[in-house]
Amino acid sequence: MSDQATGSPYAPHTPAETEAMLAAVGATDLEDLFDVPESVRFDGKFDIPARSERETTQAVARRLDRNEDLVEFLGRGHYDHYVPAVVDHLADRQEFLTSYTQYQPEIAQGFLQALFEYQSILVELTGLPVANCSMYDAATALGEAATLADRVRDVSGSRVLVPDLLRDEKRSVLENYAAGADLTVETYPTAAANVDVDALADAMGEDVALVYAESPTVRGTVEERPGDVGDLAADHDALFCLGTDPVAMALLEEPASVGADVVVGDAATLGLGSAYGMGLGLFATREDYLRQVPGRLVGASEDATGRRAYTLTLQTREQHIRRERATSNICTNQAWVALRTAIHAALLGAEGLHDLAVDCVERARSVADRLDAVEGVQAPVDDRHHFREFVAHTDQPASAIAADLRERGIAVHALGEDEIQVCVTETNADATDRLVDAVGEVA
Amino acid sequence: MDHDQARWTEDDRRYEPLLAEKDRTTVDVDGTDAGLPDDLTRDTLTVPQLSEPEVARHFTRLSQMNYGVESGPFPLGSCTMKYNPSFTEDLAARPAAGVHPDRGDQSVQGTLAVMHDLADYLGRIAGMDAVSLQPPAGAAGEFAGVLIAKAYHEHNGEDRSEIVVPDSAHGTNFASAAMAGFDVVEVPSGEDGRLDLDALGAAVGPETGALMLTNPNTLGLFERDIEAAAEIVHDAGGLLYYDGANLNALLGRARPGDMGFDVMHYNVHKTFATPHGGGGPGAGPVGVSEELAPFLPAPRVRETDEGDYEHFEPEHSIGKVHGFQGNWLVLVKAFAYIARLGDAGLADASAMAVLNANYLASQIDYEVPFGPFHHEFVASAGDQDAADVAKRMLDYGVHPPTTKWPEIVDEALMTEPTEVENRRSLDRLADAFDAVAAEDDETLVSAPQRTSARRIDQVSAAREPRLSWRALEE
């Protein structure tokens, strides 16, 4: 048996077995099997010591545990909702976790059906008939929406319009996707964090391929005129892409009913929790664009017994068949996160989803009101309805307040010179008294 | 070896019913519940409303109708389906790993330490000077790498429009190059299944931004002329890109950086044993030479003089390819795997992977052209249809190889057993190949018989796409 000092603990060959196998292939030494010219052979060391499982666990845990144990009131595109334990236990079943993409559907019906359920839940939430079974994250999904617009639009046009408040990171990803298709990204103004519809109208033209807006916005406001944005886009034969998430969609206007052609966002707000930005790119669109959709799609069919069965479908859009003419280069995606999202959504059900969304509005409002009562703080800054989070003005410098809060075990966003942003979900709601008290001490 | 996969059957039309067939609950959404004006909220929401035990049973049944690495052999060529150590899952699940990406560097020193050390390990393993962990998959790593090549040339005042790719390359290479705005120039393979230097010389020129190459290639063959190929590309001013999909063949034996590659991606869900998760998430870190380090995605992590870690922006960064820092939880698992194996374990993993591929190739009845192999080989199903062969193999309790690709081999069976199978397991796998090889076409086309579902009609699935509960009702 290999052991940790001499080999991989997961390569189960005995020395005798190795000898016999070498003999079977006509080799005397393992090194003979490597057809590597001497001039590029590596004879150095990585200097990475082998460790036992226990030692490895301790070494990795020791590093991770250097992270401070803070109560996070953080959002701005990455959210921490409580994930029930059964989601972990079901998703960690090895038949799911260690399986591959379902290129042999007869032996992978379970995962295919789970992805079909995921797609179906997103169809219910968005009102759009086509949802793929994942992109990497919200930012790359937005990038894919821009290139989709470039492919499907009847008239030529190269401008992608995004709100001036868009996170720099998301914009950077979008620009990288857009550049290859010769699209340029421009901003339009916002007013109190929502779309300034008149200013957007001024920015529109026939050369606009895609208009992007978010609801809730990055400052937590609920967009009040998404339908007007959709109309503006439609009037100019541009696509309207709406950024949102599954929890918000359980309460806010259905994207299809406000004219969204594409819906993107982080679907991992259900199912994953805080994961240092790891997410699940939601991507839903209209039937018209079905054959231009990026990523994998699961469809229903029948098997030889006449029973309903599932399979990856419309694969001629994808890179392994269409190569440089594929709708996207994506191959490995976020399937397992989509499974988690489907399980979490199924656990919540219609009532649980709705109630969670209502909580997101009420908690943000309640905590904003309480912070507004603190001297030196005005909240919310934006005179809008909020979802999960809001921005507060601080008389003291925001960075100093954030630093002082960290000393008290609390993390908030500091924006610019005199604004902090606070996000409240069920995972930190029990610490809001602490937050309000601490802000009272430092503001 | 036999295998009957679990099969939950509801009636003569369905296996396990859909959630929406178990329940559909519609709630009226009233904005006043949340104090929102009614015109800002939807009217109704329809989603199944089931109890936790019902949901648990539903997804447990679905899991039983799926096949993972712990179910049995999984020799999918080019996919490196090795065993995924369970302890790495527990590490990724630690509360300390679940932090928000907008926290200040000082409060996430643990996360930054893991990222710093993993990037360092990856650099040493492949001979690269700097590594970014941001790309969330192999194809995203390719996209980042190609953008780096583009930015590098533009920085030098050159506008190069072409990426050269061998015909045997992964489809993602072509697609990633096109997504970055390059034209793709395809080079035919030589008679021996390797890069044809004359064809390469003809394809490479002043427009060449980079050559993308997998080594060993998708036939499992080491590109022996790699140094000459590098010289051709470099002399023309182009860069050499290494597709890391097959890195499991070379650990401790050869490094892309030493072969002349300037930029590469790693597939940690292949080489470094993080689970494939039914299609993802993976992670596709990108490594570069010192000259290209200023172009890496932002931000990177570095160690300060005080021994702390901090983010920094590379001078000429291409910007971002993921909204945050990539698939962080996957990176934790990869770090744990590398830290567990160390030099000796990594070198052994490659040796046993290569031994297993050669041994299995020698034991099966199907013809195996080309060679010598490394981590994988491509057999030919000959007169049989490779897709049917794969379906029939499912009945023998093994996952079949990748089929019909690369096209350079007729009816290809691309097979990568990885290091995790022992001789007994490989002998059983060979028995499955040989049993199928001896069967008639009628048996093959009526396979599989013993999987949860029988042969599925792919054509009607694509002709009449039904992609959701709603579509099934129409």
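Residue numbers run consecutively from 1 along every chain, following the written order of its sequence. Labels follow written order: the first chain is A, the first ligand is 1, and so on. Residues qualify for local features only when their pLDDT is at least 70, as the model is predicted, and side-chain atom pairs are given and counted only at 80 or more; totals for whole chains, interfaces and linings, by contrast, use all residues.

Participant: Tell me about the overall build of chain B, and please be specific about residues and values.
Facilitator: Counting its secondary structure elements, chain B contains 15 helices and 14 strands. Taken over the C-alpha trace, chain B has a radius of gyration of 25 Å; the compact-globule value for 474 residues is 23 Å, and the two agree within 12%. A principal-axis box enclosing the C-alpha atoms of chain B has dimensions of 70 × 65 × 45 Å. Looking at chain B as a whole, 62% of its 474 residues qualify as buried. In DSSP terms, a helix is any run of H or I states spanning at least four residues, a strand is any run of E spanning at least two, and both are numbered starting from the N terminus. Only the C-alpha atoms count toward the radius of gyration. The rule for a globule is 2.2 Å times the residue count to the power 0.38. With C-beta atoms placed from the backbone, a residue is buried if 20 or more other C-beta atoms are within 10 Å of its own, exposed if 12 or fewer are, and partly exposed between those counts.

Participant: Tell me about the sheet that holds strand E7 (residues 239-244) of chain B, residues and numbers included.
Facilitator: All names here are of chain B. Here the rule is simple: two strands pair whenever DSSP picks up at least two bridges between them. Pairing within the open sheet is mixed, and its 7 strands lie in the order E3-E9-E8-E7-E6-E4-E5. Edge positions in the sheet fall to strand E3 (130-132) and strand E5 (183-187), since each has one partner strand and no second. Pairs of neighbouring strands in the sheet enclose a mean axial angle of 25°, with direction left out of account. When strand E4 (residues 162-166) meets E5, the two strands line up parallel, connected through 5 bridges. Looking at the pairing, Pro166 lines up with Val187 of E5. In this analysis, axes come from line fits to C-alpha atoms, helices being fitted only over the stretch in contact, and the angle between any two N-to-C directions falls in the range 0 to 180 degrees.

Participant: Give a detailed account of the environment of Pro9 of chain A, specifying residues and quantitative values.
Facilitator: Turning to its location among the elements, Pro9 of chain A is positioned in the segment before helix H1 (15-24). In this structure the C-alpha to C-alpha distance between Pro9 of chain A and Ser52 of chain A, which are 43 residues apart in sequence, comes to 9.1 Å.

Participant: Lay out the sheet that holds strand E14 (residues 412-415) of chain B in plain terms, naming residues and giving numbers.
Facilitator: Residues and elements named next belong to chain B. The 3 strands lie next to each other as E12-E14-E13, forming an open sheet whose pairing is antiparallel. Each of the sheet's edge strands pairs with one partner strand only, and the pair in question is strand E12 (377-380) and strand E13 (402-403). Here E13 pairs with E14 via 2 bridges, running antiparallel. Across the sheet, residue Thr403 finds its bridge partner in E14, namely Leu413.

Participant: Can you explain the pairing of strand E7 (residues 208-214) of chain A? Please cite residues and give values.
Facilitator: Residues and elements named next belong to chain A. Burial analysis of E7 places 7 of its 7 residues in the buried class, the great majority of the element. Relative to E7, strand E3 (residues 159-163) is paired through 3 bridges, and the arrangement is parallel. By the bridge assignment for E7, Arg159 is matched with Val208. Sheet analysis places E7 next to strand E8 (residues 239-244), joined by 5 bridges and oriented parallel. For Ala213, the partnering residue across the bridge sits in E8 and is Leu242.

Participant: Hey, could you go over the domain arrangement of chain A for me, with residue numbers and the actual values?
Facilitator: All names here are of chain A. Domain assignment breaks chain A into domain 1 (71-82 + 349-442) and domain 2 (85-343). Marked domain ranges trace back to an automatic or database domain assignment. In this structure, domain 1 and domain 2 have C-alpha centres spaced 28 Å apart. We call two residues in contact when the distance between their C-beta atoms, placed using the backbone, is within 7 Å. Listed per partner, the contact involves 26 residues of domain 1 and 22 residues of domain 2. Those elements that place two or more of their residues in the side of domain 1 that touches domain 2 are helix H12 (335-372) and strand E14 (389-394). When residues are grouped by polarity, Ala, Val, Leu, Ile, Met, Phe, Trp, Tyr, Cys and Pro land in nonpolar, Asp, Glu, Lys and Arg in charged, and all others, Gly among them, in polar. Grouping the constituent residues of the side of domain 1 that touches domain 2 by class yields 10 nonpolar, 8 polar and 8 charged.

Participant: For the pairing of E8 of chain A, give the residues involved together with the corresponding values.
Facilitator: Residue and element names in this part refer to chain A. The buried fraction of E8 is high, at 6 of 6 residues. Neither face of E8 is exposed, since Leu239, Cys241 and Gly243 on one face and Phe240, Leu242 and Thr244 on the opposite face are all buried. When the strands point away from the viewer and the connection leading from the first strand across the helix to the second strand turns clockwise, the crossover is called right-handed. As for the winding sense of the linkage, the β-α-β connection from E7 through helix H9 (residues 226-235) to E8 is right-handed.

Participant: A description of the environment of Glu207 of chain B should follow, citing residues and the corresponding values.
Facilitator: Turning to its location among the elements, Glu207 of chain B is positioned in the loop between helix H7 (197-203) and strand E6 (208-214). It is 38 Å that separates the C-alpha atoms of Glu207 of chain B and Val368 of chain B, two residues lying 161 residues apart in sequence.

Participant: I'd like a rundown of the interface of chain B and chain A, residues and numbers included.
Facilitator: Interfaces are often sized by the accessible area lost when the parts come together. Listed as interface residues are 169 residues of chain B and, on the opposing side, 162 residues of chain A. When residues in the side of chain B that touches chain A are grouped by element, the largest group, 21 residues, is from helix H10 (residues 328-363) of chain B. Looking at side-chain class alone, the side of chain B that touches chain A contains 88 nonpolar, 49 polar and 32 charged residues.

Participant: If you had to explain the nonpolar core to someone new, which residues and values would you point to?
Facilitator: In these notes, a nonpolar core means any group of buried Ala, Val, Leu, Ile, Met, Phe, Trp, Tyr and Cys residues linked to one another through C-beta atoms within 7 Å. In terms of nonpolar packing, the biggest core is built from 317 residues, with Leu210 and Val211 of chain A together with Ile148 and Tyr241 of chain B touching the most fellow members. Ranked by residues supplied to this core, first place goes to H10 of chain B with 25 residues. Looking at this core, you find at least three residues from each of domain 1 (71-82 + 349-442) and domain 2 (85-343) of chain A. Leave out the neighbours within four places in its chain, and Ile148 of chain B touches Val263, Val288, Leu292, Phe295, Leu296 and Ile318 of chain B.

Participant: Could you give an account of helix H2 (residues 53-64) of chain A, naming the residues involved and the relevant values?
Facilitator: Its 12 residues give H2 of chain A an end-to-end C-alpha distance of 16 Å, which sits within 8% of 16 Å, the value for a rise of 1.5 Å per residue. Every buried residue of H2 of chain A is accounted for by Thr56, Val60, Arg63 and Leu64 of chain A. Along the axis of H2 of chain A, the buried residues cluster in a sector spanning 100°; they form a single face. Exposed residues pointing more than 90 degrees away from the buried face of H2 of chain A are listed as Arg54, Gln58 and Arg62 of chain A. Where the residues of H2 of chain A are buried, they touch helix H3 (86-92), helix H4 (109-126) and H10 of chain B. How far a helix is expected to stretch is found by multiplying one less than its residue total by 1.5 Å. Read the arc as the range of directions from the helix axis to the C-beta atoms.

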